[in-house]
Amino acid sequence: MKKIAFIALGFAIVASFGFYPIDGYERSRIERLLYIQDQIDSGAKYTRIEAGAYASIDDIKLNLKDISNTSIDDLLNEDPEFSKKIARITPGGAYSLAVMDITDPNNIRYASHREDVGYQPGSVGKIAVLNAVFHEMSKIYPDDFEARIGLLCNKRVSSGIWGLGDHHTIPIYNKEKKTQLKRQVIASDEFTLFEWLDHMVSVSNNGAASVMYREAMLMSAFGKEYPRLTEEEATKYFEDTNRDSLTVYANRVVNDPLRDIGITEDDWRLGGFFTDTPGKYVGRMGGSIGTPKGLMKYLVQLEQGKVVDEASSLEMKRLLYITDRRIRYAQSNRLDSARVYFKSGSFYSCDKTKPTPCGDYAGNRFNYMNSVITVEHPNGKNYIVCLMTNVLSKNSAGAHMYLASAIDKVVTEE
């Protein structure tokens, strides 16, 4: 009888970093931002964030609007000299990356290494959920973007079973006491759509991602009736609809908007929810995969204002702006003064029958670590990096950080 291997799977994200501009509370009503502002206003030295995290909401702009008519395929052309410089600093083995210098929109420089190799994207895939939500809102309010923002600010939804099963915590701010605690999502938790999106992106909470995936499906299913949809009606929809039909529908809701902007199924796709509890209603389909090229296609078109529409592209970029402690690739000291827009994800597996080491973020069966980032330096040097790795038995966070410094040096010191 064959020996059965013990295999442990891990969805891993360090859960203490945050996004959205600090002064963006009046627009977003994300209460976590009030805690950071209170800390700053108290006069106490606040050392948790770097200089680049203090940008105003009005400082965040799209870098490539002036070349919005240029196709993504035309922009993904290798620059020979730039490619040589990036190749010299790229490690061998299971590394894939794409780098685009967008400092001068009329002189884009692109370099890549194994850009078409697919990886399990982990929590980087939550950007696809973010995109699906904005795509569906554009159909509910096609001519009124501020109504979409109003929906995000005012519609409150509960977790229910959808948000359960993730050990990562979320920040909960008490406005009266001006205190913040961090805990796991519970079924009775109720937040605005904006706050659930923030929980999904900022602390990469898997439960929040499942809640917002659910809401994207409901937006698609109920259309203009969605803003008035009750919790009871939403629950009845999932209970009364065939599970196989919901599985196919869920896959379309999150992936079709990516296809609309030229990102193929082999470039980037999301195969299902980020927690197991939604499996009662919705299954997985097709598996998840991401490539540096596919993710670069998304981030470049975001800068062009072509993801959903210009206003949506800008709002999604704000949601990706780090305003708290930086990790992995974004932790490089060379980026301290820069504004960074970032998502990181991990997915690893341990096979304890193998002699090779294994642990958290260091799987010996597979060990995916991915970082996507847009960097904006005060001197106007701007660039995008999509990095995906599968280095076994090693936590690659440090390697990502050192590579970030090397890439930054290539881009900025010319």
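Each remark here, short or long, concerns the structure printed above.
Rules and cut-offs
Starting from 1, residues in each chain are numbered consecutively following that chain's sequence as written. It should be noted that, the model being predicted, local features are given only for residues of pLDDT at least 70 and side-chain atom pairs only at 80 or more, the latter also being counted only at that level, while totals for whole chains, interfaces and linings use all residues. Values shown for side chains rest on all heavy atoms present in the structure; no hydrogens or waters enter the calculation. For the exposure calls, accessible area comes from a 1.4 Å probe over protein chains only, and a residue counts as buried if that area is under 20% of its type's maximum, exposed if over 50%, partly exposed in between. The way it works is that DSSP assigns letters per residue, a run of H or I at least four long becomes a helix, a run of E at least two long becomes a strand, and they are numbered from the N terminus. Put simply, a salt bridge is a Lys or Arg side-chain nitrogen that is within 4 Å of an Asp or Glu carboxyl oxygen. In this description, strands pair whenever DSSP reports at least two bridges between them. We call two residues in contact when some of their heavy atoms are within 4.5 Å. Polar contact is defined as a pair of N or O atoms within 3.5 Å, subject to the rule that within protein one atom must be able to donate a hydrogen and the other to accept it, and that residues adjacent in sequence are counted only when both atoms are side-chain atoms.

K.L.:
Whenever I open this one, unusual backbone geometry confuses me. Can you help?
P.N.:
With glycine set apart, most residues show a phi of negative sign, and most peptide bonds adopt trans. With a phi close to 55 degrees, Lys-178 is a non-glycine residue in the positive phi region. Given a relative accessible area of 52%, Lys-178 falls into the exposed group. The backbone phi angle of Tyr-361 is positive, close to 60 degrees, even though this residue is not glycine. Locating Tyr-361 in the fold gives a position in the loop between strand E10 (339-351) and strand E11 (366-376). Overall, the relative accessible area of 18% leaves Tyr-361 in the buried class.

K.L.:
Where do I start with helix H2 (residues 32-41) in this structure?
P.N.:
Within H2 the residues assigned to the buried category are Arg-32, Leu-33, Leu-34, Ile-36 and Asp-38. Following H2 by one or two positions, Gly-43 adopts a phi angle in the positive range, close to 90 degrees.

K.L.:
Is there a simple way to explain the pattern of salt bridges in this structure?
P.N.:
Should their charged atoms come close, side chains of opposite charge can pair. Summed over all chains, the structure comprises 26 salt bridges. Note that Arg-228 and Glu-225 form a salt bridge whose closest N and O atoms lie 3.8 Å from each other. Residue classification places Arg-228 among the exposed positions, given a relative accessible area of 55%. Each of Arg-27, Glu-146, Glu-315 and Arg-318 takes part in a single network of salt bridges with overlapping partners.

K.L.:
Would you take a moment to explain the pairing of strand E2 (residues 95-101) for this structure?
P.N.:
It is a general feature of regular strands that their side chains alternate between the two faces of the sheet. Counting buried positions along E2 gives seven out of seven residues, so the element sits mostly inside the fold. As paired elements, E2 and strand E12 (residues 382-390) share seven bridges and run antiparallel to each other. Within E12, the residue paired with Leu-97 across the bridge is Leu-387. In this sheet, strand E3 (residues 109-113) lies alongside E2 in antiparallel orientation, the contact comprising five bridges. Bridging from a neighbouring strand, Asp-101 pairs with Arg-109 of E3.

K.L.:
Explain the environment of Val-372 here, please?
P.N.:
Examined against the element boundaries, Val-372 turns out to sit in strand E11. Exposure remark for Val-372: the relative accessible area of 4% places this residue in the buried category. For the pair formed by Val-372 and Met-401, sequence separation is 29 residues and the distance between their alpha carbons is 12 Å. In contact with Val-372, not counting residues within four places along its chain, are Val-124, Ile-127, Leu-295, Leu-299, Tyr-341, Phe-342, Lys-343, Val-385 and Cys-386.

K.L.:
Is there a simple way to think about helix H6 (residues 145-154) in this case?
P.N.:
Think of an α-helix as turning once every 3.6 residues; residues three or four places apart then point the same way. Burial within H6 is extensive, with seven of its ten residues counted as buried. Where the residues of H6 are buried, they touch helix H1 (25-28), helix H5 (126-140), strand E7 (190-192), helix H7 (193-202), helix H8 (206-222) and helix H12 (310-319). The opening residue of H6 is Asp-144, an N-cap whose side-chain oxygen sits 3.3 Å from the backbone nitrogen of Glu-146.

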